[in-house]
Amino acid sequence: MPSVRSVLIWVALAVAVAIPIALAAGSPLLAWRDGIYVASSFAGVLALALLLVQPLLAGGYLPALRARRGRHVHVWLGAALVALILLHVAGLWLTSAPDVIDALLFASPTPFSAWGVVAMWAAFATAALAAWRTRFRMPPRIWRIGHTTLAVVIVVGSVVHAWLVDGTMEPLSKAAFCLLVVLASAKVVLDLRAWRLLWPARRSADHR
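What you are looking at is a predicted structure, and each value in this text was computed from that prediction instead of being measured.

Conventions adopted
Residues numbered from 1 in each chain as written. Predicted model: local features only at pLDDT ≥ 70, side-chain atom pairs only at ≥ 80, totals over all residues. Heavy atoms only, no water. Helix = DSSP H or I, 4+ residues; strand = E, 2+ residues; numbered from the N terminus. Rg over C-alpha atoms; globule rule 2.2 N^0.38 Å. Buried < 20%, exposed > 50% of the residue type's maximum accessible area, 1.4 Å probe, protein only. Salt bridge = Lys/Arg side-chain N within 4 Å of Asp/Glu carboxyl O. Contact = heavy atoms within 4.5 Å. Phe/Tyr/Trp six-rings, centres within 6.5 Å; stacked < 30°, edge-to-face > 60°. Lys NZ or Arg CZ within 6 Å of the ring centre and 35° of its normal.

Asker: Can you tell me about the overall build of the chain, naming the residues and giving the values?
Answerer: Within the chain, the secondary structure is distributed over eight helices and zero strands. Ordering the α and β elements of the chain from the N terminus gives α-α-α-α-α-α-α-α. Rg of the C-alpha trace for the chain: 18 Å, near the compact-globule value of 17 Å for 208 residues, within the 12% margin. The principal-axis extent of the C-alpha atoms belonging to the chain is close to 60 × 50 × 30 Å. Scored against the burial criterion, the 208 residues of the chain give a buried share of 33%.

Asker: Give me the lowdown on the pattern of salt bridges, citing residues and values where you can.
Answerer: If you walk through the whole model with that rule in mind, you get one salt bridge. With a shortest N-O distance of 3.1 Å, D191 and K187 are connected by a salt bridge. You can see D191 and its partner K187 sitting in helix α7 (residues 171-192), four residues apart, about one turn around the helix.

Asker: How would you summarise the side chain of S41 if you had to cite specific residues and measurements?
Answerer: Positionally, S41 belongs in helix α2 (residues 35-58). A residue is classified by how much of its surface remains accessible, and S41, at 13% relative accessible area, is buried. Residues contacting S41, with those up to four places away along its chain left out, are H88 and T168.

Asker: Help me get a handle on the environment of H74, residues and values and all.
Answerer: As for its placement among the helices and strands, H74 is situated in helix α3 (residues 67-95). Remark: the alpha-carbon pair of H74 and A122, spanning 48 residues in sequence, is separated by 17 Å. The contact partners of H74, leaving out residues within four places of it in the chain, are Q54, L57, A58 and H147.

Asker: Tell me what's going on with the packing of aromatic side chains, and back it up with residues and numbers.
Answerer: Applying the stated criterion to the full structure yields one aromatic pair. Over the ring of Y37 we find R33; its NZ or CZ atom is 4.2 Å from the centre of that ring.

Next up, the structure:
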């Protein structure tokens with residue numbers, strides 16, 4: 001049987017994810033929107049939700065999902081994150097293609113657009129890096145440094161993007177959830193200490 005601590009961790013995670021999604025579902029801003037806009041909005045909300053789960057998996061903090069099993073789930077949720085981003089952007093494209101083009105060209109007058117685009121490209125780069133890691137036998141040091149750096153960009157870009165968007169998410173729950181994403185990501189980065197892998201390269205460069 002799972003321990004009380006394990007149950008409490010899963011319940012806390014479920015509540016943390018469910019509350020902002022439930023409040024977004026009841027947003028009055030959705031009342032007069034079409035199905036494409038609603039689907040696009042919730043793809044973005046779900047993508048943000050995955051950003052809380054992903055670092056917890058990477059750090060091995062979730063009971064029953066540690067070590068190899070947790071890494072497998074992390075990979076699959078990474079693919080799901082990319083799919084949700086594509087759905088989010090595709091929905092916005094169908095709703096207003098000129099706005100999406102301006103965002104991709106960093107010409108949009110809305111500040112949140114640039115943060116979202118940066119996070120999107122970082123997510124795509126992470127997926128490409130994961131594919132190259134298997135195909136070209138990327139050294140673990142390069143993988144960890146690259147993956148950690150891109151993950152930080154994804155989290156920062158996504159959180160700022162979500163915070164600046166005055167959309168379907170309720171403000172207080174959105175702020176609390178964004179804070180949880182930042183704290184979880186920061187804990188994993190500090191615990192894994194991927195930046196230490198840079199030291200050998202620096203030392204070897206100093207000896208030249």
